[in-house]
Amino acid sequence: MRTLFYKPILFERFDRESFRRRLSHHLRRWGIVYLLLIVAAALFQAHYAVGLNVSPSLPQRFFLIHKGELPLRGHYVAFRWPGGGPYPAGVTFVKIIAGMAGDAVTRADREFFVNGMPVGQAKTTSRMGLPLEPGPTGILPAGRYYVRAPHPDSLDSRYRLTDWISDAQIIGRAYALF
């Protein structure tokens, strides 16, 4: 019963004064590191984002998005979905740039071509059974891009729902992480 009258060691360790001294010592030692981590996180968030591709349209699932960097043909691009169909407006999509300003988009039956190179075949209905209209054809104007993905069910520029994406929709270039 004598142990009931002793001050337990655990409570001694957490008294206010010793805690304040230990915290002060810790912050003097590691404060600059914490400050640098906060600055680095803020800079990262200002220039980069991490994107998740939840559909099987691309082989990769995670992407690093460099905000404001305009991609070139063959690069991954992250853009905001304009709305409509199964997705709400503003959802982030990642696709591959297949056509840029000045390129010719043509269609033979439901097969699409950019500058004569095949980029995919449009389906008549979605996986949910909804009708799909083929996307536009013609010469891509300045500030517009034809996007694609290798998966046959990808919702890309083959369909009017996606259309050609504009500069205003682009978040930046995407880099596949894994």
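Residues numbered from 1 in each chain as written. Predicted model: local features only at pLDDT ≥ 70, side-chain atom pairs only at ≥ 80, totals over all residues. Heavy atoms only, no water.

> I would appreciate a short explanation of the overall build of the protein chain in the present structure.
The number of helices and strands found in the protein chain is 2 helices and 11 strands. Taken from the N to the C terminus, the helices and strands of the protein chain come in the order α-α-β-β-β-β-β-β-β-β-β-β-β. Taken against the 2.2 N^0.38 rule, which gives 16 Å for 178 residues, the C-alpha radius of gyration of the protein chain at 27 Å runs more than 25% over that of a compact globule. Counting only C-alpha atoms, the protein chain reaches 90 × 35 × 25 Å along its principal axes. Per-residue burial over the protein chain gives 31% buried out of 178 residues. Across the protein chain, the fraction of contacts at a sequence separation of at least 24, relative to all contacts at a separation of at least 6, is 56%. In the structure as shown, the protein chain presents an accessible area of about 11500 Å², 63% of it carried by carbon and sulfur atoms. (Helix = DSSP H or I, 4+ residues; strand = E, 2+ residues; numbered from the N terminus. Rg over C-alpha atoms; globule rule 2.2 N^0.38 Å. Buried < 20%, exposed > 50% of the residue type's maximum accessible area, 1.4 Å probe, protein only. Contact = heavy atoms within 4.5 Å. Areas by Shrake-Rupley, 256 points an atom, 1.4 Å probe, with all protein chains shown as cover.)

> Help me understand the sheet that holds strand β7 (residues 117-121), please; the structure alone is not making it clear to me.
The strands making up a sheet associate through hydrogen bonds between their backbones, and the pairing can be parallel or antiparallel. Here 4 strands make up an open sheet; going across it, the order is β7-β6-β5-β8 and the pairing antiparallel. A single partner strand is all that each edge strand has here, and the edge strands are β7 and β8 (138-139). (Pairing = 2+ DSSP bridges.)

> Even after reading the chapter, I still don't get the confidence of the model for the protein chain, so can you show me in this structure?
Reading predicted coordinates in detail is not appropriate for stretches of low pLDDT. Here the protein chain averages 89 in pLDDT, and 92% of its residues register 70 or above. No element of the protein chain has a lower mean pLDDT than helix α1 (residues 9-13), at 58, and none a higher one than β8, at 97. (pLDDT = per-residue confidence, 0-100.)

> Help me understand the environment of Y87 in this model?
Looking at the secondary structure, you find Y87 in the loop between β3 (76-80) and β4 (92-99). Placed 11 residues apart in sequence, Y87 and Y76 show a C-alpha to C-alpha distance of 20 Å. Residues within four places of Y87 in sequence aside, it is in contact with W81, F93 and L155.

> Sorry if this is basic, but what is going on with a nonpolar patch on the surface here?
On the surface, F19, L23, L27, W30, I32, V33, Y34, L35, L36, L37, V39 and L43 cluster together into a nonpolar patch covering about 1100 Å² of accessible area. Residue position: L35 is located in helix α2 (residues 16-47). (Patch = residues over 30% accessible without salt bridge, like charges linked within 9 Å, V, L, I, M, F, W, Y side chains within 5 Å. Salt bridge = Lys/Arg side-chain N within 4 Å of Asp/Glu carboxyl O.)

> Honestly, the pattern of salt bridges in this entry has me stumped. Any pointers?
For side chains bearing opposite charge, pairing can occur when the charged atoms are close. Taken as a whole and judged by the stated rule, the model has 7 salt bridges. Across the pair R20 and E17 runs a salt bridge, and its minimum N-O distance is 3.5 Å. Of this pair, R20 and E17 both sit in helix α2, 3 residues apart, which is roughly one turn of the helix. Between D153 and K123 there is a salt bridge whose closest N-O contact spans 2.5 Å. Here D153 is found in the loop between β9 (144-148) and β10 (165-166), whereas its partner K123 is found in the loop between β7 and β8, with 30 residues between them in sequence. Exposure remark for K123: the relative accessible area of 32% places this residue in the partly exposed category.

> Hey, could you run me through the nonpolar core in this one?
For soluble globular proteins, the rule of thumb is that nonpolar side chains tend to be buried together. Ranked by size, the top nonpolar core spans 22 residues in total, and within it V77, V105, Y146 and I165 carry the most contacts. Only β3, β4, β6 (111-114) and β9 provide two or more residues apiece to this core. Discounting residues that sit within four places of it in the chain, I165 has contacts with V77, F79, G143, R144, Y145, V147 and I170. The next biggest cluster of nonpolar side chains, apart from the first, holds 10 residues, and it includes F63, A78, V94 and I171. (Core = buried A, V, L, I, M, F, W, Y, C linked by side-chain atoms within 4.5 Å.)

> Any chance you could explain the pairing of β3 here in plain terms?
Along any regular strand, the residues point their side chains to alternate faces of the sheet. The buried fraction of β3 amounts to 4 of the 5 residues, a majority that puts the element mostly inside the structure. Two strands pair when backbone bridges link them, and β3 and β4 are joined in this way by 5 bridges, in the antiparallel orientation. Note on β4: the bridge partner recorded for F79 is F93. As defined by bridge partners, β3 adjoins strand β11 (residues 170-176) across 4 bridges and the pair is classed as antiparallel. Across the sheet, the residue bridging to A78 is G172, located in β11.

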